[in-house]
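Breakdown of the fold
Listed here are the chains, written in short residue letters.
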Amino acid sequence: ETGVTQSPTHLIKTRGQQVTLRCSSQSGHNTVSWYQQALGQGPQFIFQYYREEENGRGNFPPRFSGLQFPNYSSELNVNALELDDSALYLCASSLDGVNQPQHFGDGTRLSIL
Amino acid sequence: AQSVAQPEDQVNVAEGNPLTVKCTYSVSGNPYLFWYVQYPNRGLQFLLKYITGDNLVKGSYGFEAEFNKSQTSFHLKKPSALVSDSALYFCAVRAYNFNKFYFGSGTKLNVKP
């Protein structure tokens, strides 16, 4: 069983640029969520996708957007990067259902200069 | 509003002693509660969940958690701590009708030999 994989592992960007982060879900999982984890804090929910549709969103501006593909892999896109966007971005996949635990990848460390 | 509180930033315990990591929550409706562990530079690993039924749930690596509805708490416990348990622990809650998880700020567990 293949777990959740994220790419790239690390990324450095400058303010104003755009970035795309990628995630491959665990085999059989049809739901994917993205989180932002700032240093020393808990993960903050960005959004969730189920069968290619966004079905839940946290308090993040529209410049944070996503996609889920038919094979359930996913992308997180962030436009107009700001210094505060520096964080660990985590992808988590799960089976559909509110009682299902999420399985996390190791994240992408994004640094904004 | 949904929220999770972990009142202790850090818990120190000697190896072989019991440990408790505290979590309280606020959620509308029936809560689904989860514990995750995070090792340095890694994603979160699922430990256990409470959905319904027995208030004491057992999970991975000898951990268990006690759900207390009247106190809105879901404390993580282990009868005998190991040095290898040292990590960052996160409590998370999900309301039954919301497609999002809320995570606490995390508790760093230090187990000393």
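Placed above this text is the structure.
Please read these numbers as outputs of a predicted model, since none were measured by experiment.

Reading the values: rules and limits
- Residues numbered from 1 in each chain as written.
- Chains lettered and ligands numbered in written order.
- Predicted model: local features only at pLDDT ≥ 70, side-chain atom pairs only at ≥ 80, totals over all residues.
- Heavy atoms only, no water.
- Buried < 20%, exposed > 50% of the residue type's maximum accessible area, 1.4 Å probe, protein only.
- Helix = DSSP H or I, 4+ residues; strand = E, 2+ residues; numbered from the N terminus.
- Pairing = 2+ DSSP bridges.
- Contact = heavy atoms within 4.5 Å.
- Buried area = accessible area lost by both parts, 1.4 Å probe.
- Salt bridge = Lys/Arg side-chain N within 4 Å of Asp/Glu carboxyl O.
- Disulfide = S-S within 2.5 Å.
- Phe/Tyr/Trp six-rings, centres within 6.5 Å; stacked < 30°, edge-to-face > 60°.
- Lys NZ or Arg CZ within 6 Å of the ring centre and 35° of its normal.

Residue and element names in this part refer to chain A. The buried fraction of strand 5 (residues 44-50) is high, at 5 of 7 residues. Sheet topology places strand 4 (residues 31-37) next to strand 5; 6 bridges connect them, and they run antiparallel. What sits directly across from Ser33, in strand 5, is Gln48. Once strand 4 ends, the chain turns through 6 residues before running back antiparallel as strand 5, passing Gly40 with a positive phi of about 80 degrees. As defined by bridge partners, strand 5 adjoins strand 6 (residues 53-57) across 4 bridges and the pair is classed as antiparallel. Within the sheet, the bridge partner assigned to Gln48 lies in strand 6 and is Gly56. Where strand 5 folds back onto strand 6 in an antiparallel hairpin, the turn is made up of 2 residues, including Arg51, whose phi is positive at roughly 50 degrees.

Taken together, the contact pairs 23 residues of chain A with 20 residues of chain B. Note on chain A versus chain B: buried area summed over both sides is about 1,800 Å², and carbon and sulfur give 52% of it. The interface formed by chain A and chain B includes 1 salt bridge. In this structure, the salt-bridge partner of Asp106 of chain A is Arg42 of chain B, at a minimum N-O distance of 3.0 Å.

Right, let's talk about the state of the cysteines for a bit. Covalent bonding between the sulfur atoms of two cysteines is what defines a disulfide. The tally for this structure, following the rule as stated, stands at 2 disulfides over all chains. Two residues share a disulfide in this structure: Cys23 of chain A and Cys91 of chain A, whose sulfurs sit 1.9 Å from each other. Handedness of the Cys23 of chain A-Cys91 of chain A disulfide follows from its S-S torsion of about -65 degrees: it is left-handed. Of the two residues, Cys23 of chain A is situated in strand 3 (residues 19-24) and Cys91 of chain A in strand 9 (residues 87-94); the sequence distance between them amounts to 68 residues. Per residue, the accessibility class of Cys23 of chain A equals that of Cys91 of chain A, and both read buried. Shown here is the disulfide that connects Cys23 of chain B with Cys91 of chain B, its sulfur atoms set 2.0 Å apart. On the sign convention where negative means left-handed, the S-S torsion of about -60 degrees between Cys23 of chain B and Cys91 of chain B marks this disulfide as left-handed. Placement of Cys23 of chain B in the loop between strand 3 (19-21) and strand 4 (24-26) and of Cys91 of chain B in strand 10 (residues 87-95) is noted, with a sequence separation of 68 residues between them.

The next subject is the packing of aromatic side chains. Throughout the structure, instances matching the rule amount to 17 aromatic pairs over all chains. Relative to Phe46 of chain B, the ring of Tyr36 of chain B lies with its centre 5.9 Å away and its plane at 65 degrees, an arrangement referred to as edge-to-face. Here Tyr36 of chain B is found in strand 5 (residues 31-38), whereas its partner Phe46 of chain B is found in strand 6 (residues 44-50), with 10 residues between them in sequence. Ring geometry for Phe63 of chain B and Tyr89 of chain B: centres 5.6 Å apart, planes at 45 degrees, overall tilted. Placement of the pair is Phe63 of chain B in the loop between strand 7 (56-58) and strand 8 (64-68) and Tyr89 of chain B in strand 10, with a sequence separation of 26 residues. One exposure class covers both Phe63 of chain B and Tyr89 of chain B, and it is buried. Through successive ring pairs, a cluster of aromatic residues spans Tyr35, Phe45 and Phe104 of chain A together with Phe34, Tyr36, Phe46, Phe101 and Phe103 of chain B. One residue, Lys78 of chain B, lies across the ring of Phe63 of chain B, its end atom 5.0 Å from the ring centre.

Read these as spatial facts, not as claims about activity.
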